[in-house]
Amino acid sequence: MLSIWVSIAAFTHLIAASVLHAPPQVRVTVDPQTCVEEQKYIGVNDKTGVYSNACAQVVDACLAQNGTSIWSHQPCVAAATCQGTWSVITLNQCQNPNVLAAGDIPNLAFTIYTNIVGSCAPDGCPMTQQNYIDFIYGAMSAANVVDWPGSVNDVITQWWQPILDWTATGDTIPYTNFNDWLHWSNS
Ligand SMILES: *[C@@H]1O[C@H](CO)[C@@H](O)[C@H](O)[C@H]1NC(C)=O
């Protein structure tokens, strides 16, 4: 009997502890000057500094959604891949105070991942280079891009390859690693 009560007490304590010590969801107030500057750099890749008008339009399509759970918005996921995660997150935080710090933003919507890889998503299939190409061209088309990337090789080397380099998962990228990249790459 005593052991039951001890267990219940321990369990209750565990619940109380996890509620009390749940990590805070961090709200971010971006310095207004940074917001003004980031507006000017829309379409400029965070890491390479290369400007793409097509990417700028995808970023604009993302911002137009003014979402909070930004990785549930297809243009925002696409924008992160061409512009970089840091500025896409920052620009969203600038316009919407409910967008949490990078690591606290809700996970990549599985429906978006399924749209990228197809019906094998629930079986855990990774995103291939061709999946990514189809996804980013689809996002550019949805954003009514007129000034398309010069060639698909540019898309591969400038946008796809850096993600592969970060995830280090070979030639393809599983859901978890892509989701990690969105949250933690600071790219
Ligand atoms: C975006 O949403 C936030 C929070 O609801 C709101 O304060 C802000 O005015 C919106 N911005 C735009 C550009 O619609």
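Shown above is the structure to which this text applies.
Fair warning: this is a prediction, and the values are worked out from it, not measured in the lab.

Caption draft 1: Here's a closer look at the overall build of the chain. For the chain, the count of helices and strands is 9 helices and 0 strands. Beginning at the N terminus, the succession of helices and strands in the chain can be written as α-α-α-α-α-α-α-α-α. Classification of the 187 residues of the chain by burial places 41% in the buried group. Summed over all atoms, the accessible surface of the chain reaches about 9800 Å², with 58% contributed by carbon and sulfur.

Caption draft 2: Layout of the site of the ligand. Around the ligand, the structure places Asn-66, Gln-95, Asn-96 and Asn-98. The contact in question runs from an oxygen atom of the ligand to an N or O atom on the side chain of Asn-66, over 2.4 Å. Asn-96 has a polar side-chain atom sitting 3.3 Å from an oxygen atom of the ligand. The fraction of the free accessible surface of the ligand (370 Å²) that becomes covered by protein chains is 39%.

Caption draft 3: Up close: the side chain of His-183. Relative to the helices and strands, His-183 resides in helix H9 (residues 175-184). Only 3.3 Å separates the side chain of His-183 from the backbone oxygen of Pro-106, close enough to count as a polar contact. A polar atom in the side chain of His-183 sits 2.8 Å from the backbone oxygen of Asn-179. Other than its neighbours up to four places away in sequence, His-183 contacts Trp-71, Ala-102, Gly-103, Ile-105, Pro-106, Asn-107 and Leu-108.

Caption draft 4: Region of interest: the packing of helix H4 (residues 74-83) against helix H7 (residues 129-142). Packing of H4 against H7 leaves a shortest axis separation of 10 Å and a crossing angle of 115°. Between H4 and H7 lies a crossing whose hand is left-handed. Between H4 and H7, the contacting residues are Gln-74, Val-77, Ala-78 and Thr-81 on the first element and Tyr-132, Phe-135, Ile-136 and Ala-139 on the second. Class assignment for the residues of the contact of H4 with H7 results in 6 nonpolar, 2 polar and no charged.

Caption draft 5: Structural view of helix H6 (residues 110-117). Within H6, the full set of buried residues consists of Ile-112, Tyr-113, Ile-116 and Val-117. Projected down its long axis, H6 shows its buried positions confined to an angular sector of 120°, all on one face. Summarising the geometry of H6, the exposed residues directed more than 90 degrees from the buried face are Thr-111 and Asn-115.

Caption draft 6: Inspection of the state of the cysteines at higher detail. On inspection of all chains with the given rule, the structure shows 4 disulfides. Through a disulfide, Cys-62 is tied to Cys-76; the S-S separation comes to 2.1 Å. Sign of the S-S torsion, about 95° for the bond between Cys-62 and Cys-76, identifies this disulfide as right-handed. Separated by 14 residues along the polypeptide, Cys-62 in helix H3 (residues 53-65) and Cys-76 in helix H4 bring together distant segments of the chain. With a relative accessible area of 1%, Cys-76 lands in the buried category.

What counts, and where the lines are drawn
- Residues numbered from 1 in each chain as written.
- Predicted model: local features only at pLDDT ≥ 70, side-chain atom pairs only at ≥ 80, totals over all residues.
- Heavy atoms only, no water.
- Helix = DSSP H or I, 4+ residues; strand = E, 2+ residues; numbered from the N terminus.
- Buried < 20%, exposed > 50% of the residue type's maximum accessible area, 1.4 Å probe, protein only.
- Areas by Shrake-Rupley, 256 points an atom, 1.4 Å probe, with all protein chains shown as cover.
- Near = heavy atom within 4 Å.
- Polar contact = N/O pair within 3.5 Å; in protein donor to acceptor, adjacent residues only side chain to side chain.
- Contact = heavy atoms within 4.5 Å.
- Axes fitted to C-alpha atoms, helices over the stretch in contact; angles between N-to-C directions.
- Left-handed = near helix turned anticlockwise from the far one by under 90°.
- Nonpolar A, V, L, I, M, F, W, Y, C, P; charged D, E, K, R; others polar.
- Arc of directions from axis to C-beta.
- Disulfide = S-S within 2.5 Å.

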